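# Coordinate inspection notes
Spelled out from the first residue to the last, the chains are:
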Amino acid sequence: MTTALFLQALVSGILMGGVLALISIGLTLIWGVLKIINFAHGEFLMIGMYLVYFLVAKMGWDPYLTLIVSIPALFLIGVVIFELTIRPILKYPAINQIMLTVGLSLVLQNLALIFFKADVLFAQTRYNTALTIGSVVVTSGKLIAFIGSILATFILYWLLQNTDTGRGIRAAAQDGDAATLMGIDVSWAYLLAFGIGSACLGVAASLMIPFYYVSPTVGEFFGLIAFVIVVLGGMGNFLGALAGGLIIGVTESVGAAALPGSLSRVLVFAVFVLILLYRPLGLFGGKQR
Amino acid sequence: MKAVDRQVTFTVVLFVVLLFIPTFASQYIINIGFMVFLYAFLATAWNILGGYAGQHSLGHGLFLGIGAYVSTYLFVSAGITPWLGMWVGAVIAGVTGWFIGYLCFRYGIKGAYFALVTIALAEAAVYVATNIQAIGGAGGLEVPWKGNNFWIMQFGSRTGYYYVALVAAFLGVLLTLWIARSRFGYYLISVRENEDAAEALGVNTMKAKLMAITLSAFMTAIGGTLYAQYFTYMNPRSVFGEGPSVQILLFAIIGGIGTVWGPAVGALILVPIAEITRAELSGSFAGANLLIYGLILVLVMLFMPKGVLGILGSLGKGKKNSPGEIGHEPVGSK
């Protein structure tokens, strides 16, 4: 692999890694607070992407203007699905929760297949201009997506650290019972965490549409990769997820340049399994098992 | 007569009755029958690990794919009959399962993390298979038609496949009946209910779990060969992917996890529904059967968390159908 090719792969990987981090932060928030693994996370992203695609391709919106719709829409979808399906089973065994969200993902994916057919859609926007820095070429859409994702991550992080609501959510994540005793409305915190975790996907959807295609199964890959990143960064660990996103983005991108076919995906899952085996609390987790 | 003997008698009688179905049923019914038995068998295999030992694998597609690919590859490239290739695939899957189990259990991976490891490995297998040209890459493998011949597991009508799957499901249920009453079965249940306590009482939990995953993987691969012979085509996504992995456990979960008959009951209820939906709607709605599966799964998890047999069992004993009695740990509690 030449240096130029490596640099190109590295930069592409970092840019994509930012978006992956944002997607994973939604998942890690839900996982950390509710202790529920949402297997429908990728499908929520898919819904967001269809929404943004229609606003952009059919109604001529600027992709970044769609944020004012995609964020509240995904928040609302998250909240409704949480109230209807997740809240009733919060106390159930893990396998029930896993199967419920697996069921949700089947429903959402196949509903999309029925409504939108299996076609792969791509929105034409004016954010495809190539920017050249040395030998590296990036499109403006990817650069904006990266900056936007990092910005969104830090805004969310700041809110969680510095507002009362954020502290309430973090308290509920640490110990629900103790938080209740301290007068925190834990059930409200759960709702907010699920809503905000889903809203992250609204942001990601708006940022991705200028350079990523939409299809009913687009969420499958992102859902799985988000698990990889969350585990890598440590469950519920925000900055860990950010680092994990960048690591996986670069691994995939550089792997794709170096390995034949789609073997870089195998690399990603290999990293995942190794992390689970040797550092189950994540790369940055404190005391390991 | 003891309860277990009654159950064995019932199983044998049911088996004999089902042997006669093809004498009067249409090929359409026989097709549904085959699918019911195949999925009952696969879900029964999953149930040994997921239901009895309480280790919820979300990646059984890995073993299904190994079974399908190994027997088909041996058949296509060396002319080895699937009757033999089936056992080769099963042994390879068994060893793979043992190895995965060894790694996971050795490092204390359980609960949701075990589910994630298995799903990741199955997904990785999709990409590995996609990149091996000898087994057709992304295009997959086809089982060539060599004429109606029992010795290569190819039949001119669906009836032949029906009998093969029926025998598999029958043996699977008998095996589960035995496990449920054996020392091995009690070990598995003790692992599921409270691993630390089981360990303290002298149960070799590591060995019990390893036996469960090996047996489960072995059986799933046999189902994979049947799948390949019947559908005569496979590609990495269709056997290794998330779809088949979820389908396998769906029937066990909906029928009643950790029960002898749950997987079979789940398949008996769901497969006809899915097949009829597919036949009625697939023209206009591709994916309608998976949509139905998903909906049923969500509803069952919400309203009868212990599955159909869980509800029936609770009615009989006047207990509430609460999931707490299954005794698994919630996600994240370690």
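Residues numbered from 1 in each chain as written. Chains lettered and ligands numbered in written order. Predicted model: local features only at pLDDT ≥ 70, side-chain atom pairs only at ≥ 80, totals over all residues. Heavy atoms only, no water.

### Focus on the overall build of chain A
The criterion, for reference: In this description a helix means any DSSP run of H or I spanning at least four residues, a strand means any run of E spanning at least two, and both kinds are numbered starting from the N terminus. Buried means the residue's accessible area, taken with a 1.4 Å probe over protein chains only, is under 20% of the maximum for its type, while exposed means over 50%, and partly exposed covers the values in between. Contact criterion: two residues are considered in contact whenever any of their non-hydrogen atoms come within 4.5 Å of each other. Using the Shrake-Rupley algorithm and a 1.4 Å probe, accessible areas are obtained, with residue cover drawn only from the displayed protein chains. Charge counting follows a simple rule: Lys and Arg are positive, Asp and Glu are negative, and His as well as the terminal groups are ignored. One atom stands in for each charge, and that atom is NZ of Lys, CZ of Arg, CG of Asp or CD of Glu.
Along its length, chain A carries eleven helices and two strands. Walking chain A from its N terminus toward its C terminus, one meets helices and strands in the order α-α-α-α-β-β-α-α-α-α-α-α-α. Dimensions of chain A along its principal axes, counting C-alpha atoms only, are 60 × 45 × 35 Å. Among the 289 residues that make up chain A, the fraction classed as buried is 57%. Look at the contacts in chain A between residues 6 or more apart in sequence, and 74% of them connect residues 24 or more apart. If you sum the accessible surface of chain A, you get close to 11300 Å²; carbon and sulfur atoms cover 69% of it. For chain A, the distance from the average position of its 13 positive side-chain charges to the average position of its 10 negative side-chain charges is 6 Å.

### Description of the overall build of chain B
We count it as follows: The atom set for the radius of gyration is the C-alpha atoms, and the globule formula is 2.2 Å times the number of residues raised to the power 0.38.
Broken down by element type, chain B carries 14 helices and two strands. Expected size for 334 residues packed as a compact globule is a radius of gyration near 20 Å; at 19 Å, chain B falls within 12% of this value. A buried classification covers 58% of the 334 residues belonging to chain B. Within chain B, residue pairs in contact and separated by at least 24 positions form 76% of the contacts whose partners lie at least 6 positions apart. Split by element, the accessible area of chain B, about 13500 Å² in all, is 68% carbon and sulfur. Charge-centre separation for chain B: the mean point of 18 positive side chains lies 6 Å from the mean point of 12 negative side chains.

### Some points on the packing of aromatic side chains
As a reminder, the rule being used: The pairing test for Phe, Tyr and Trp rings, Trp by its six-membered ring, is centres within 6.5 Å, and the orientation test on the planes gives stacked under 30 degrees, edge-to-face over 60, and tilted for anything in between. Two conditions define a charge sitting above a ring: the NZ of Lys or the CZ of Arg must be within 6 Å of the ring centre, and it must be within 35 degrees of the ring normal.
Going through the model one piece at a time under the given rule, you end up with 36 aromatic pairs over all chains. For the pair Trp83 of chain B and Phe150 of chain B, a centre-to-centre distance of 5.2 Å together with 35° between the ring planes defines the contact as tilted. Of this pair, Trp83 of chain B sits in helix H4 (residues 82-106) while Phe150 of chain B sits in the loop between strand S1 (141-142) and helix H6 (158-181), and the two are 67 residues apart along the sequence. The class for Trp83 of chain B is partly exposed, based on a relative accessible area of 22%. Looking at Phe150 of chain B, the relative accessible area reads 44%, which means it is partly exposed. Linked through ring pairs, Phe34, Trp83, Phe150, Trp151, Phe155, Tyr161, Tyr227, Tyr230 and Phe231 of chain B together constitute an aromatic cluster. Lying across the ring of Phe221 of chain A, Arg265 of chain A places its NZ or CZ 3.6 Å from the centre. Between Lys146 of chain B and the ring centre of Phe75 of chain B, over which it is positioned, the NZ or CZ distance is 5.0 Å.

### Thoughts on H4 of chain B
At 3.6 residues per turn, the α-helix brings residues three or four places apart onto the same side. Condition: Helix span, expected: 1.5 Å multiplied by one less than the number of residues in the helix.
Its 25 residues give H4 of chain B an end-to-end C-alpha distance of 34 Å, which sits within 8% of 36 Å, the value for a rise of 1.5 Å per residue. Taken together, the buried positions of H4 of chain B are Pro82, Gly85, Met86, Gly89, Ala90, Ala93, Gly94, Gly97, Ile100, Gly101, Cys104 and Phe105 of chain B. Buried-residue contacts for H4 of chain B involve helix H11 (263-278) of chain A together with helix H3 (61-78), helix H5 (111-130) and helix H9 (205-231) of chain B. Phi turns positive one or two residues past the end of H4 of chain B, at Gly108 of chain B, with a value near 70°.

### Overview of the packing of helix H1 (residues 3-34) of chain A against helix H8 (residues 186-208) of chain A
Residues and elements named next belong to chain A. Heads up, the condition is: Note on geometry: axes are C-alpha line fits, over the in-contact stretch for helices, and angles between N-to-C directions span 0 to 180 degrees. Our angle categories are set so that under 35 degrees counts as roughly parallel, over 145 as roughly antiparallel, 65 to 115 as roughly perpendicular, and the remainder as oblique. Just so you know the grouping, Ala, Val, Leu, Ile, Met, Phe, Trp, Tyr, Cys and Pro go in nonpolar, Asp, Glu, Lys and Arg go in charged, and all remaining residues, Gly too, go in polar.
The interhelical angle for the contact between H1 and H8, taken along N-to-C directions, is 170°, at an axis separation of 8 Å. When the axis of H1 is compared with that of H8, the two are roughly antiparallel. When H1 is examined against H8, the residues Met16, Val19, Leu22, Ile23, Ile25, Gly26, Leu29, Ile30, Val33 and Leu34 are found in contact with a partner set consisting of Tyr190, Ala193, Phe194, Ile196, Gly197, Ser198, Cys200, Leu201, Val203, Ala204, Leu207 and Met208. By residue class, the composition of the contact of H1 with H8 is 19 nonpolar, three polar and no charged.

### What to know about the confidence of the model for chain B
How we decide: What pLDDT expresses is the predictor's confidence in each residue, scored from 0 to 100.
Predicted confidence across chain B gives a mean pLDDT of 88, with 91% of residues reaching 70 or more. Low pLDDT, under 50, characterises residues 318-334 of chain B; the stretch is placed with 42 contacts to residues that sit more than four places away or in other chains.

### Thoughts on the nonpolar core
Definition in use: Within this scheme, the nonpolar core is defined by two criteria: the residues are buried Ala, Val, Leu, Ile, Met, Phe, Trp, Tyr or Cys, and they are joined through side-chain atoms within 4.5 Å.
Counting residues in each nonpolar core, the largest one holds 204 residues, and the members touching the most others are Met99, Met208 and Phe222 of chain A together with Leu116 of chain B. Here this core takes 17 residues from helix H2 (residues 27-52) of chain B, the largest share from any one element. Each residue touching Met99 of chain A, except ones within four places of it in the same chain, is listed here: Leu58, Leu249, Ile253, Leu297 and Met301 of chain B. Among the nonpolar cores identified, the runner-up in size contains seven residues, and Ala21, Val136, Val138 and Leu242 of chain A belong to it.

### Focus: the pairing of strand S2 (residues 136-139) of chain A
For a regular strand, side-chain orientation follows a simple rule: the groups alternate between the two sheet faces. The cut-off we apply is this: Strands are treated as partners if at least two bridges between them are detected by DSSP.
A one-sided burial pattern is seen for S2 of chain A, the buried positions being Val136 and Val138 of chain A and the unburied ones Val137 and Thr139 of chain A. Counting the residues between successive antiparallel strands, the hairpin from strand S1 (residues 130-133) of chain A to S2 of chain A contains two residues, one of them, Gly134 of chain A, with a positive phi of roughly 65°.

### Details of the interface of chain A and chain B
The test is simple: Buried area, as used here, totals the accessible surface that two parts lose on assembly, with accessibility defined by a 1.4 Å probe and the loss added over both. A pair is scored as a salt bridge if a Lys or Arg side-chain nitrogen falls within 4 Å of a carboxyl oxygen belonging to Asp or Glu. As used in this structure description, the phrase polar contact means that two N or O atoms lie within 3.5 Å; if the pair is within protein, one of them must be able to donate a hydrogen and the other to accept it, and residues adjacent in sequence are counted only when both atoms belong to side chains.
Listed as interface residues are 48 residues of chain A and, on the opposing side, 47 residues of chain B. With both chains or domains summed, chain A and chain B bury close to 4300 Å², and 78% of this area falls on carbon and sulfur atoms. Close ionic contact of Glu220 of chain A with Arg237 of chain B constitutes a salt bridge, the shortest N to O distance being 3.9 Å. Inspection of the region where chain A meets chain B yields three residue pairs in polar contact (both at pLDDT 80 or more). Where the side of chain A that touches chain B is concerned, the elements lending two or more residues are helix H3 (67-86), helix H4 (94-116), helix H9 (218-233) and H11 of chain A. Of the residues forming the side of chain A that touches chain B, the biggest block, 16 residues, is contributed by H4 of chain A. Classifying every residue of the side of chain A that touches chain B gives 36 nonpolar, seven polar and five charged.

### A closer look at empty space enclosed by the protein
The following threshold applies: Both cavities and pockets are sets of points on a 1 Å grid over the protein atoms alone; in a cavity a 1.4 Å probe fits but cannot get out, in a pocket the set is open with protein on both sides within 12 Å along at least five of seven lines, and lining residues sit with an atom within 4 Å of a point. Grid points are joined across faces, edges and corners, and a volume is the space filled by probe spheres set on the points.
Evaluation of the coordinates by the stated rule reveals two cavities of 30 Å³ or more. A volume near 40 Å³ is recorded for the largest cavity. Taken together, Ser57, Gly59, Leu62, Phe63, Ile100, Thr118, Leu121 and Ile213 of chain B make up the full set of residues lining the largest cavity. For the lining of the largest cavity, the secondary structure elements donating two or more residues are H3 and H5 of chain B. When its residues are assigned to classes, the lining of the largest cavity shows five nonpolar, three polar and no charged. Approximately 30 Å³ is the volume attributed to the second largest cavity. Around the second largest cavity, the lining residues are Ile95 and Asn96 of chain A together with Ile253, Ile257, Met301 and Pro305 of chain B. Residue composition of the lining of the second largest cavity, grouped by class: five nonpolar, one polar and no charged.

### Some words on the confidence of the model for chain A
Residue-level pLDDT values for chain A average 89, and 98% of them are 70 or greater. Mean pLDDT across the secondary structure elements of chain A bottoms out at helix H7 (residues 176-181) of chain A, with 84, and peaks at H3 of chain A, with 96.

### Looking at the environment of Ala243 of chain A
Here Ala243 of chain A shows up in helix H10 (residues 238-258). Remark: the alpha-carbon pair of Ala243 of chain A and Gly18 of chain A, spanning 225 residues in sequence, is separated by 8.9 Å.

### Quick notes on the layout of surface pockets
Residues and elements named next belong to chain B. Its volume calculated, the largest pocket comes out at about 990 Å³. Forming the boundary of the largest pocket are 42 residues, of which Arg237, Gly243, Pro244, Gln247 and Leu290 lie nearest the centre. Examining the composition of the lining of the largest pocket, we find that seven residues originate from one element, helix H11 (residues 242-255), more than from any other.

### So, the side chain of Ser140 of chain A
Residues and elements named next belong to chain A. Following the sequence through the fold, Ser140 ends up in helix H5 (residues 140-162). At 3.2 Å, the side chain of Ser140 and the backbone oxygen of Tyr127 are in polar contact. Residues in contact with Ser140, not counting those within four places in the same chain, are Tyr127, Asn128, Thr129 and Leu131.

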